Amino acid sequence: MTAAADSPFSKAPDAFSFGPRPYNLVIPVLFAVSVAAVLATGFVAIAPNRLVSGRPIGLFTAASLPLAATIAGLGVMLLATAFVPPRPSLHRVTAIIAGALVLLLLATSGEAATTMASSATGLARVSLGASFWILTGAAALAAVDAVQRAAAGPGEQIAAIAIIAAGFAAMAHAGVFDALSLAREYQARQTLFATALLRHIVLVVAAVAPAVLIGFPLGVAAARRPGWQGPVFAVLNLLQTVPSIALFGLLLVPLSALATAIPTLGALGIGGVGAAPAIIALILYALLPIVRNTVAGLTGVDAAAFDAARGMGMTPRQRFWQVELPLALPLLLAGLRIVTVQAIGLAVVAALIGAGGLGSFVFQGLGQYAADLVLLGALPAIGLALLANFLLQIAAGLAARQSR
Amino acid sequence: MIEIEGVSKIYGDRRVVDDLSLSIPEGSFCVFLGPSGCGKSTTLRMINRLVPFDSGTIRVGGDDIRQIRPEALRRRIGYAIQSTGLFPHWRIQDNIATVPRLLGWPSQRVRDRVTELLELFRLDPETYRLKFPQQLSGGEQQRVGVARALAADPDLLLMDEPFAAVDPITRAALQGEILRIQRDTKKTVVFVTHDIEEALRLATDIAVLDHGRVVQWGKPVELLEHPANEFVTRFVGGVDASAFSLLSLRKVAERLQPGAAAEGEPLSADASLRDALAAMTARHVDRLPVVDAAGQPLGAVTLADLVR
């Protein structure tokens, strides 16, 4: 039998086949999109100054030949792996190639920017073009897909992320990206950036922790008393439908009134604008997923296990901590993951009411029509969300393994 | 061991258990038999206070159960249910150790007890101790469920249709094991089932329940020979089925002609009349010699004796 006959798609009539058929459709699709992006869009864009949009420059013009050729070579190797009969070791090879490609694309963007900038005036800006984002995104997706197909354990997944992050950090430290306008925006605001990033994390933690402290007991109570579930979910669903900007606005009036009425609160920094309304709004949005997942987790506990726990003489407290909670834990962690990712995103908007955080760069950038400044706020927020999602997903997976 | 006196349970306007009284002797294997909704399971669950009752008294070992804290009462009564209720996140050893740990046994004693119980149920301790419930077959899970109920060595064991969800061959094996263990340990067992054959095989005493009342309470043989009413007659499966069941319950010793002689392979006095009939049919004879457990001749039994 030929490799093509082994393919899961071999049932298709031969008349329509041309050449071998892939075992993995994801990589060929990503490859095709990437090729189209390289042909049609710029890898970097060069602009005479920070405020005008740039002129796109293709990959093979912008990058030196060895780097561009290596990118193409790795892309073709990646495509080739889709046509080899799958086995776990193959998926690991695919993941390594895709990961190397991500790092290589990052390096190439820095190199291209350096070359471009050196041949232009000091005010000229080199920004990242569409094909950089599409190629890097495609390589990252191929890596994630391969890691999933390889059924890699949590340790391997963390190691893979750490290698990519370390590679990026090493290149950044070595100044590879210094010529990119994104890096210039960063260099102009290094301290501001660190403050904003920290502030963003503080906002998220300050919202998620109280939301768990309120939402978890509320969920436990609602799971115990089904009669409560209707009204509780009605209120939380309603809160969820209020647009975030409107909710910030609605909180402005009562909080500023409160701060005026009680000067001590005002002195503590609580007022109509700033962190207080932002945190309150983030808590309100976080309640629904937490309460919903707590109720679903607890009511989903096997009725027979619960009956046995009672019948063997466990006290209500023992039943809760030893049986119900461990069995509900995977869903509780899923709820925590949803609200953490959600809060990271919503906290960007909170910059509008003076809460600070990464959103302040986004809104400054929007105001100045400076796309790279928007990215300086948006990219770390996306990175934080992906990281939180990844870590909590691993935690939920481990909990599910414990409570199978 | 258990005295139930005038107990009633009312849900809305339905009397699920209606002025029910029963006295279950120590060391008996008592089966509550009846169709679904007859109140047998509710009555069982009243004994360990899983279901509160509205009136009447239940005493276990002489103590009014309402004077005992529910958790303390339940820890001295074994409890096994149909869907096992094994904790999916605990290993087999931890599942079995549930009640001993609640009672604060030292860990070495718990470990020894787990080993002992796994051996009692013919599950190799080293193979099974560290497994999770999902890794076991249905029959193995049910064995672990019963082992867990027996873990703290309770005098009383409550079993709510424990073998209803397993296949017939596994069920027969499990019935054999619980029977062996009950006979060896002399524990009092209260066992709920809707399966008449299971009841006849296991019970020393049967309570037939209907609409929350005991319609008949007695030995299995009495149930077949003198059904109390039309309901019991229908429930035990009519004359044909009960005739064969009767043959299985009566021993050759009861119909023996002492001192009489007969030719052929002898029967044991412990054999059932059903075994005797089968042996006669297979060998085309109407008369067989009978010996005691030591092989000493006791007499003979004839075809006519079987149907007497």
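Remember, predicted model here, so these are calculated numbers, not experimental data. (Residues numbered from 1 in each chain as written. Chains lettered and ligands numbered in written order. Predicted model: local features only at pLDDT ≥ 70, side-chain atom pairs only at ≥ 80, totals over all residues.)

(A) Structural detail: unusual backbone geometry. Phi is positive for alanine 151 of chain A, which is not a glycine, with a value near 50°. Following the sequence through the fold, alanine 151 of chain A ends up in the loop between α6 (130–149) and α7 (154–173). A positive phi is found at arginine 122 of chain B, a non-glycine position, where the angle reads about 55°. By the element assignment, arginine 122 of chain B lies in the loop between α5 (107–120) and α6 (125–128). (Helix = DSSP H or I, 4+ residues; strand = E, 2+ residues; numbered from the N terminus.)

(B) The sheet that holds strand β10 (residues 213–218) of chain B, seen in detail. Residues and elements named next belong to chain B. In space, the six strands of this open sheet follow the order β6-β7-β8-β3-β9-β10, with mixed pairing throughout. Each of the sheet's edge strands pairs with one partner strand only, and the pair in question is β6 (77–81) and β10. Neighbour-to-neighbour, the strand axes of this sheet turn through a mean angle of 15°, independent of strand direction. Bridge analysis of strand β9 (residues 205–210) against β10 gives five bridges, and the strand direction is antiparallel. Bridging across to β10, aspartate 210 finds its partner in arginine 213. (Pairing = 2+ DSSP bridges. Axes fitted to C-alpha atoms, helices over the stretch in contact; angles between N-to-C directions.)

(C) Structural detail: the packing of helix α9 (residues 190–224) of chain A against helix α13 (residues 275–299) of chain A. Residue and element names in this part refer to chain A. Contact geometry of α9 with α13 gives a least axis separation of 6 Å together with a crossing angle of 35°. The two elements α9 and α13 cross, and the hand of that crossing is right-handed. Here the residues of the contact of α9 with α13 are counted per class, giving 24 nonpolar, four polar and no charged. (Left-handed = near helix turned anticlockwise from the far one by under 90°. Nonpolar A, V, L, I, M, F, W, Y, C, P; charged D, E, K, R; others polar.)

(D) Molecular detail of the nonpolar core. With 180 residues, the main nonpolar core has Val44, Ala278, Leu282 and Ala286 of chain A as its most contacted residues. In terms of residue count, the dominant contributor to this core is α13 of chain A (16 residues). When residues no more than four places from it in sequence are discounted, the contact partners of alanine 278 of chain A are Leu203, Phe248, Ala347, Ala350, Ile353 and Ala355 of chain A. Judged by nonpolar contacts, the second largest core, of nine residues, contains Ala276, Leu288, Val290 and Ala300 of chain B. (Core = buried A, V, L, I, M, F, W, Y, C linked by C-beta atoms within 7 Å. Buried ≥ 20, exposed ≤ 12 C-beta atoms within 10 Å, placed from the backbone. Contact = placed C-beta atoms within 7 Å.)

(E) Fine view of the interface of chain B and chain A. Of the residues lining the interface, 18 residues belong to chain B; the matching set on chain A comes to 17 residues. At the level of secondary structure, the elements contributing two or more residues to the side of chain B that touches chain A comprise α2 (70–75), β6 and α4 (98–102) of chain B. Among the residues making up the side of chain B that touches chain A, the classes are represented as eight nonpolar, seven polar and three charged.

(F) Broad picture of the pairing of strand β1 (residues 2–11) of chain B. All names here are of chain B. Alignment of β1 against strand β4 (residues 55–60), held across five bridges, turns out to be antiparallel. Residue pairing across strands places isoleucine 4 opposite isoleucine 58, the latter belonging to β4. Sheet analysis places β1 next to strand β2 (residues 14–24), joined by seven bridges and oriented antiparallel. Bridging across to β2, tyrosine 11 finds its partner in arginine 14.

(G) Representation of the pairing of strand β1 (residues 44–47) of chain A within the structure. Residue and element names in this part refer to chain A. The pairing of β1 with strand β2 (residues 55–57) spans three bridges and is classified as antiparallel. Residue pairing in the sheet places alanine 45 in a bridge with proline 56 of β2. With four bridges joining them, β1 and strand β3 (residues 125–128) adopt antiparallel strand pairing. When the sheet's bridge partners are listed, valine 44 is paired in β3 with leucine 128.

(H) Molecular detail of helix α14 (residues 303–311) of chain A. Among all positions in α14 of chain A, only Ala305, Ala308, Ala309, Arg310 and Gly311 of chain A are buried. Those residues of α14 of chain A hidden inside the fold are in contact with α15 (316–349) of chain A together with α2 and β6 of chain B. Positive phi shows up at glycine 313 of chain A, right after α14 of chain A, with a value of about 95°.

(I) Layout of the sheet that holds strand β13 (residues 287–291) of chain B. On the basis of which strands lie adjacent, the open sheet formed by four strands has the order β11-β14-β13-β12 (chain B) and mixed pairing. Both outer strands of the open sheet, β11 (257–258) and β12 (267–268) of chain B, are each paired with one neighbouring strand and no more.

(J) Quick peek at the environment of alanine 269 of chain B. Residues and elements named next belong to chain B. Turning to its location among the elements, alanine 269 is positioned in the loop between β12 and α13 (273–283). The class for alanine 269 is partly exposed, based on 18 C-beta atoms found within 10 Å. Sequence separation of alanine 269 and leucine 44 is 225 residues, and the distance between their C-alpha atoms is 36 Å. Sequence-distant contacts of alanine 269, defined by excluding residues within four places in its chain, comprise Lys251, Val252, Ala253, Leu256, Val290, Asp292 and Leu298.

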